[in-house]
Amino acid sequence: MLGLLGAAAAVLSPFRAWYDGRSGRDYRVQDLFGGITDSEPGLAGSILLPFAIAAGLALVGLLLRSRAAVALAGVVVIAFTVLWTVRLGQVVDSVSVKSDGTGLDLGVANALGGGVLLLLAAAVMRGRGQQQQSDRSDREAPVQA
């Protein structure tokens, strides 16, 4: 359940406001590596792309009970969010949440929260090997009278 919530939060976060009312889907992936600009990308070129890939990886990891895949998805979401925050800080000189509604917004919180939920899901989920070992130990346990 944690993994599904984390993946959903990560995918929905670009549709929320990230900074001064500008939504996450309005930032290009290239902006994360070359500096944030005012140009608006198409949906496939926005930061939705890495978050959607991470959510897909998380879903595959959940289906296959792969802790590593779910953890990697969480790391990707957090890394892209932190990279965006660093790039934004280089442009505006100060990144903060202000009482007048400007500054960082709920989209960033959703992305970070989704990444943390994915990491928590990876930490608490049972991997494939653990499930098989516990099943074998139940079958091999001696019967006590």
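Residues numbered from 1 in each chain as written. Predicted model: local features only at pLDDT ≥ 70, side-chain atom pairs only at ≥ 80, totals over all residues. Heavy atoms only, no water.

Buried residues of helix α1 (residues 2-12): G3, G6, A7, A9 and A10, and no others. Each buried residue of α1 sits inside an arc of 165° when the element is viewed along its axis, so together they form one side. (Buried < 20%, exposed > 50% of the residue type's maximum accessible area, 1.4 Å probe, protein only. Helix = DSSP H or I, 4+ residues; strand = E, 2+ residues; numbered from the N terminus. Arc of directions from axis to C-beta.)

Applying the stated criterion to the full structure yields 4 aromatic pairs. Ring plane angle 25° and centroid distance 6.0 Å describe the contact between W18 and F51, whose orientation is recorded as stacked. Taken as a pair, W18 in strand β1 (residues 17-19) and F51 in helix α3 (residues 48-64) lie far apart in primary sequence, 33 residues in all. Both residues of the pair, W18 and F51, belong to the buried class. (Phe/Tyr/Trp six-rings, centres within 6.5 Å; stacked < 30°, edge-to-face > 60°.)

Moving on: α3. Its 17 residues place the ends of α3 24 Å apart at the C-alpha level, agreeing with the 24 Å of an ideal helix rising 1.5 Å per residue. Tucked into the core, α3 has its buried residues touching α1, β1, α4 (67-92) and α5 (106-124). Remark: R65 follows α3 within two positions and exhibits a positive phi of approximately 55°. (Expected span 1.5 Å × (residues − 1). Contact = heavy atoms within 4.5 Å.)

The interhelical angle for the contact between α4 and α5, taken along N-to-C directions, is 155°, at an axis separation of 8 Å. Taken together, the axis directions place α4 and α5 in an arrangement best described as roughly antiparallel. Between α4 and α5 the crossing geometry is left-handed. Residues R67, V70, A71, A73, G74, V75, V77, I78, T81 and W84 of α4 form the contact with α5, whose own contacting residues are V108, A111, L112, G115, V116, L118, L119, A121, A122 and A123. Considering only residue class, the contact of α4 with α5 consists of 16 nonpolar, 3 polar and 1 charged. (Axes fitted to C-alpha atoms, helices over the stretch in contact; angles between N-to-C directions. Parallel < 35°, antiparallel > 145°, perpendicular 65-115°, else oblique. Left-handed = near helix turned anticlockwise from the far one by under 90°. Nonpolar A, V, L, I, M, F, W, Y, C, P; charged D, E, K, R; others polar.)

Time to look at the packing of α1 against α5. Packing of α1 against α5 leaves a shortest axis separation of 7 Å and a crossing angle of 155°. For the element pair α1 / α5, the angle class is roughly antiparallel. Like other packed secondary-structure pairs, α1 and α5 cross with a definite hand, here left-handed. Of α5, the residues touching α1 (which contributes L2, G3, L5, G6, A7, A9 and A10) are N110, G114, L117, L118, L120, A121 and V124. Taken together, the residues that form the contact of α1 with α5 break down as 10 nonpolar, 4 polar and no charged.

With that settled, consider the environment of D31. Relative to the helices and strands, D31 resides in helix α2 (residues 31-34). Here D31 falls in the buried class, since its relative accessible area comes to 0%. Taking the C-alpha atoms as reference, D31 lies 9.9 Å from L83; in sequence the two are 52 residues apart. Each residue touching D31, except ones within four places of it in the same chain, is listed here: I36, T37 and R87. At 3.0 Å, the side chain of D31 and the side chain of R28 are in polar contact. (Polar contact = N/O pair within 3.5 Å; in protein donor to acceptor, adjacent residues only side chain to side chain.)

Tracing the sequence through the fold places D105 in the loop between α4 and α5. Judged by relative accessible area, D105 falls into the partly exposed class, the value being 25%. Considering only alpha carbons, one finds D105 and A17, 88 residues apart in sequence, at a separation of 5.7 Å. Apart from the residues lying within four places of it in its own chain, the contact partners of D105 are A17, W18, Y19 and G21.

By themselves, these figures tell us nothing about what the structure is for.
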